[in-house]
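# Summary of the model geometry
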Amino acid sequence: MSDQARDQCDLLFAGGEVIDGSGSRRQRADVAVTDDRIVAIGDLADWHAGRKIDVTGKVVAPGFIDVHTHDDYALLAKPDMDMKVSQGVTSVVVGNCGFSLAPLSFTEMQPGLALLGDEEAFRFPTVSTFIGAVDDAPPALNAVFLVGHSTLRFGALDRTDRAATADEIKVMRDRLEEGLKAGATGLSTGLFYDPAREAPTSEVIEIGKVLQDYGARYVTHMRDEAEGVMDSLEETFTIGRECHSRAIVSHHKVMGGQNGGRSIETLACIDHHCQHQPIGFDVYPYAAGSTILKADMLANSTRVLITWSQATPEAGGRDLTDIAAEMGCDIYDAAERLQPAGAIYFSMDEADVQRILSHPNAMIGSDGLPFDAHPHPRLWGTFPRVLGHYSRDLGLFSLEEAVRRMTSLSAAQFDMVDRGTLKTGYFADITVFDPATVIDTASFEKPIQAAAGIAHVFVNGREVWAHGQGTGNRPGRALRHGHAVAA
Ligand SMILES: [Zn+2]
């Protein structure tokens, strides 16, 4: 009887190639799951399973971790999270670039928070009430939470076009600490954006001093990713050192034609500082970025596509130069008339994108914007594009390396317990894909399309995506920093 009990499981992935996320070579193995955990990996041909899935010819991998998202509000408003689970993503990190949904201790809606979508419907005065809402109405996938510096500034300052006073810094630090106590994994900043641009380095350091007590991260959309990118890296690492915190550079890139090739310098700088302090960075696999429509981004871009416009909704998906020609004005005037609005900026050199992606410490993050009318294709395409285009078709790195950079590396950098690797005892976040056909299908012209080649996606042992369709299951969990979160 005891033998029989040992050889039983709820779910068996049979006949596939296991890529375990550690970077090790793939091996032929079956994977057994009971409840929400992996219970065995190996030759399990004689096991009894409640459900057996034949995955011959496919890869069984840990579910992918999207370390850079703006999905705070999407977790509640689009809980099926099809744009992510369709790519094999089983966990997202929310609250990036300084903009987190909580704590919203103010009533007037603020610029920049538009990145998160129509947040009017959900207002959370504290991080713990937001995380509690995710507990109460779970989405299809897991979420890790960051507290945004700009969100804190909106709540503590009467106007954000100045540095914070010592009293205001204390208010922000206390609210950050409330978030860390509630389970947030770190502080994010968006020093590039208006609500934080006037914050000096010292303001961030003073707020971030509480990070050390919680072993929490400092994650940043840097002040400058163009001409001043080297100074911005130094600022980031200074903040990390002063706060005794891991510093993570968000969506690392070098923008502007005149800066093409400078990823050689930036990666050397990252490698140098890595020897002395904990550092991480993420990247998305495209030579175009996307955020709100900003006049100062236009000069660094060869092409600008509008993703949404409140003033002129029909501008979504169109080139700014065409819109300007129709309006009979230049692109700066046209951009002004479209506001508030969002855009895609073709502003990077493909060689830099490939060089950054190829770095062994590069985590994959989508930076997708879930509520844009005509979003950047990274929202639906990031992870299959790395697997299919950059690994298989261009051969930049092995499939095992591609998977590591979206699983175990990310789990380690964000302190996610028992996830990111296929290992007995770990949570059953599992993605099954066809290595011959996996590819993004979302394009700049048609951005809302599920990827090809993702066969099955399981979160905490329950299926959320099967053969091109969401299942409607919502087994995701709010992942509190440093805790193995059980059901
Ligand atoms: Zn950003």
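These figures come from a predicted structure and were not determined experimentally.

Now for the nonpolar core. Among soluble globular proteins, nonpolar side chains are generally buried collectively. Counting 150 residues, the largest nonpolar core has V31, V60 and A143 as the members making the most contacts within it. Both domains that meet at this core, namely domain 1 (63-287 + 348-418) and domain 2 (289-345), each give it at least three residues. When near neighbours in sequence (up to four residues on either side) are disregarded, V60 contacts F13, G16, V18, V31, V55, L422, I430 and V432.

As a further point, take the sheet that holds strand β15 (residues 288-292). Pairing is antiparallel across the open sheet formed by 3 strands, whose spatial order is β15-β17-β16. Strand pairing shows two members of the sheet lacking a second neighbour, β15 and β16 (303-309), which therefore form its edges. Shown here is a sheet whose adjacent strand axes are inclined to one another by a mean of 20°, direction ignored. Taken together, the 5 bridges between β15 and strand β17 (residues 341-346) define a ladder with antiparallel strand orientation. By the bridge assignment for β17, G289 is matched with Y345.

Pairing between the strands of a sheet is mediated by backbone hydrogen bonds and can be parallel or antiparallel. One open sheet accounts for 4 strands, arranged β5-β4-β1-β6; its pairing is mixed. For this open sheet the edge positions go to β5 (37-42) and β6 (48-54), each flanked by a neighbour on one side alone. With direction set aside, neighbouring strand axes in the sheet form an average angle of 25°. Here strand β1 (residues 8-14) runs beside strand β4 (residues 30-34); their pairing, made up of 3 bridges, is antiparallel. The residue of β4 that forms the bridge with L11 is V33.

The subject of this paragraph is unusual backbone geometry. The phi torsion of most residues other than glycine is negative, and most of the peptide bonds are trans. Backbone torsion omega between A102 and P103 reads 0°, so that peptide bond is classified as cis. Secondary-structure assignment places P103 in the loop between β9 (89-94) and α4 (127-136). Residue P340 is bonded to the preceding Q339 through a cis peptide linkage, with omega at -10°. Checked against the element boundaries, P340 lands in the loop between α13 (331-338) and β17. With phi around 55°, D367 is a residue other than glycine that occupies positive phi space.

Our next topic: the domain arrangement of the chain. With domains assigned, the chain is organised as domain 1 (63-287 + 348-418) and domain 2 (289-345). The partner domain 2 presents 12 residues to the 13 residues of domain 1 that form the contact. Considering only residue class, the side of domain 1 that touches domain 2 consists of 7 nonpolar, 4 polar and 2 charged.

So, about helix α9 (residues 229-242). With 14 residues, α9 extends 20 Å from end C-alpha to end C-alpha; this agrees with the ideal 20 Å at 1.5 Å per step. Lining the buried residues of α9 we find α8 (201-208), β12 (217-221), β13 (247-249), α10 (263-274) and β14 (279-283). H244 sits one or two positions beyond α9 and adopts a positive phi of about 50°.

Thresholds applied
- Residues numbered from 1 in each chain as written.
- Predicted model: local features only at pLDDT ≥ 70, side-chain atom pairs only at ≥ 80, totals over all residues.
- Core = buried A, V, L, I, M, F, W, Y, C linked by C-beta atoms within 7 Å.
- Buried ≥ 20, exposed ≤ 12 C-beta atoms within 10 Å, placed from the backbone.
- Domains from an automatic or database assignment.
- Contact = placed C-beta atoms within 7 Å.
- Pairing = 2+ DSSP bridges.
- Helix = DSSP H or I, 4+ residues; strand = E, 2+ residues; numbered from the N terminus.
- Axes fitted to C-alpha atoms, helices over the stretch in contact; angles between N-to-C directions.
- Nonpolar A, V, L, I, M, F, W, Y, C, P; charged D, E, K, R; others polar.
- Expected span 1.5 Å × (residues − 1).

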